[in-house]
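Listed below, chain by chain, are the residues.
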Amino acid sequence: MTVHPAFPPARPIGAHHPVIRDLLTVRKDGAPGRIMIEGHWEHDRLLATKAAIETFFWCPEAGTTYAVDRIAERAAEVYRISEKLLTRLARKTRSDGLISVVRLPVWRPHTFRFTNSSLVLVADGVEYAGNLGTLIRTVDAANADCLVVTSRRARPSHPAVYSASRGTVLSTPLLEFDDIAQAAAWLRGHRFRIHLADPAATSSYRGAEYDGPTAFVVGSEGGGLSRAWHEQGCEAVSIPMLGQADSLNVALSAGILLFEARARKEGW
């Protein structure tokens, strides 16, 4: 039997099916390593990556046929749900009848190869999922090699990370280290010069050296950098504040630092 591509084979299920309970767990950020994606633009970004789609939930009554066949072809399992169930599951007021559970890629420290033009951002103790997502997006925008996370609080699997990163959480390498000294040792093992972003530092980021592999460490929104990072003997730099505010948002600071280093490396 030939099936029209806009209507892939999809098993109809109700609210009590086990995969619905699993989806609700992912929706609440209760399944590390897996993330919920919904709507047109989120799926558009998903299809541009090689991320594994575990389950795809489609509501034909929502009136969309956008890329349904392409998503279903990539998904391990495809289910059809009612409008009523869609309303219960969706986070957005308009999910376009498309919801997927996606496995986040896993990156390994030993697989990286760096050059003198390499850039790495370290996010230490970042608390808010939106900021973590924006940091991932900034790493992508500056063509940095990866984001390293230490003292993690916000999880990459939080739905807000996907939105804030504009989907780049599926393509931007992210490494997590449980121990700050281990993260610093990994960077030094690859010849990185490590700069700590510290508003109290007397040295401006404009005067720092960016020849060779360069890493910046930014701290949490409230507490700043962990003391353990200051104990690593790294150079501290600041972004001079010219007004009344004493610091910038963590993602904005990261953007300024990464693009300064990238401009120097590329001779902009």
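As a reminder, the structure under discussion sits directly above these lines.
So, here is what we can say about the structure in this document. These numbers come from a predicted model, not from an experiment. Within each chain, residues carry numbers counting from 1 in the order of the written sequence. Selection of residues for local features in this predicted model requires a pLDDT of at least 70, selection of side-chain atom pairs for listing and counting requires 80 or more, and totals for whole chains, interfaces and linings are taken over all residues. Working from all heavy atoms in the structure, the side-chain values ignore hydrogens and water.

## Here's the deal with helix H1 (residues 18–27)
Exposure is judged per residue with a 1.4 Å probe applied to protein chains only, and the accessible area is read against the type maximum: over 50% gives exposed, under 20% gives buried, and values in between give partly exposed. Numbered from the N terminus, helices here are DSSP runs of H or I no shorter than four residues, and strands are runs of E no shorter than two. Along H1, the residues that are buried comprise Val19, Ile20, Leu23, Leu24 and Val26. The buried side chains of H1 occupy one side of the element, clustering within an arc of 160° when seen end-on. Only heavy atoms matter for contacts: two residues are in contact if any of them lie within 4.5 Å across the pair. Check the buried side of H1 and you find it contacts strand S2 (34–38), strand S3 (52–58), strand S4 (75–80), helix H4 (83–89) and strand S5 (98–103). Positive phi shows up at aspartate 29, right after H1, with a value of about 60°. Starting at the helix axis, one direction is taken to each C-beta atom, and the arc is that of these directions.

## Here's the deal with the packing of helix H5 (residues 129–141) against helix H9 (residues 250–266)
Interaxial angle, 0 to 180 degrees, is taken between N-to-C directions of lines fitted to C-alpha atoms, where a helix line uses only the stretch in contact. Relative orientation of the contacting elements H5 and H9 amounts to 15°, with a least axis distance of 9 Å. In terms of orientation, H5 and H9 fall into the roughly parallel class. Pair H5 / H9 crosses with right-handed handedness. Between H5, through Asn131, Thr134, Leu135, Thr138, Val139 and Ala141, and H9, the contact on the second element is made entirely by Val250, Ala251, Ala254, Gly255, Leu258 and Phe259. Residue polarity follows a fixed list, in which Ala, Val, Leu, Ile, Met, Phe, Trp, Tyr, Cys and Pro are nonpolar, Asp, Glu, Lys and Arg are charged, and the others, Gly among them, are polar. Taken together, the residues of the contact of H5 with H9 sort by class into eight nonpolar, four polar and no charged. Angle categories are assigned with fixed cut-offs, so that under 35 degrees is roughly parallel, over 145 is roughly antiparallel, 65 to 115 is roughly perpendicular, and the rest are oblique. Crossing chirality is assigned from the near helix's rotation relative to the far helix, an anticlockwise turn below a right angle marking it left-handed and a clockwise turn marking it right-handed.

## With respect to the packing of aromatic side chains
Describing an aromatic ring pair means giving the distance of the ring centres and the angle of the ring planes. Any two rings among Phe, Tyr and Trp, with Trp reduced to its six-membered ring, count as a pair given centres within 6.5 Å; such a pair is stacked if its planes are under 30 degrees apart, edge-to-face if over 60, and tilted if neither. Evaluated as defined, the whole model comprises eight aromatic pairs. Where phenylalanine 112 meets phenylalanine 114, the ring centres are 5.8 Å apart and the plane angle is 10°; that geometry is what we call stacked. In this structure phenylalanine 112 comes out as buried when scored by relative accessible area, which is 9%. Assessed through its relative accessible area of 15%, phenylalanine 114 is described here as buried. Put simply, the rings of Phe112, Phe114, Phe177, Trp186 and Phe192 touch in pairs and so form one group of aromatic residues. Charge over a ring is defined by NZ of Lys or CZ of Arg lying within 6 Å of the ring centre and within 35 degrees of the ring normal. In this structure, arginine 166 packs its charged tip against the face of tryptophan 41, placed 4.1 Å from the ring centre.

## A closer look at the environment of glutamate 266
With respect to the helices, strands and loops of the structure, glutamate 266 is situated in helix H9. According to the relative accessible area criterion, glutamate 266 is partly exposed, its value standing at 42%. As for glutamate 266 and alanine 76, which are separated by 190 residues in sequence, their C-alpha atoms are 42 Å apart.

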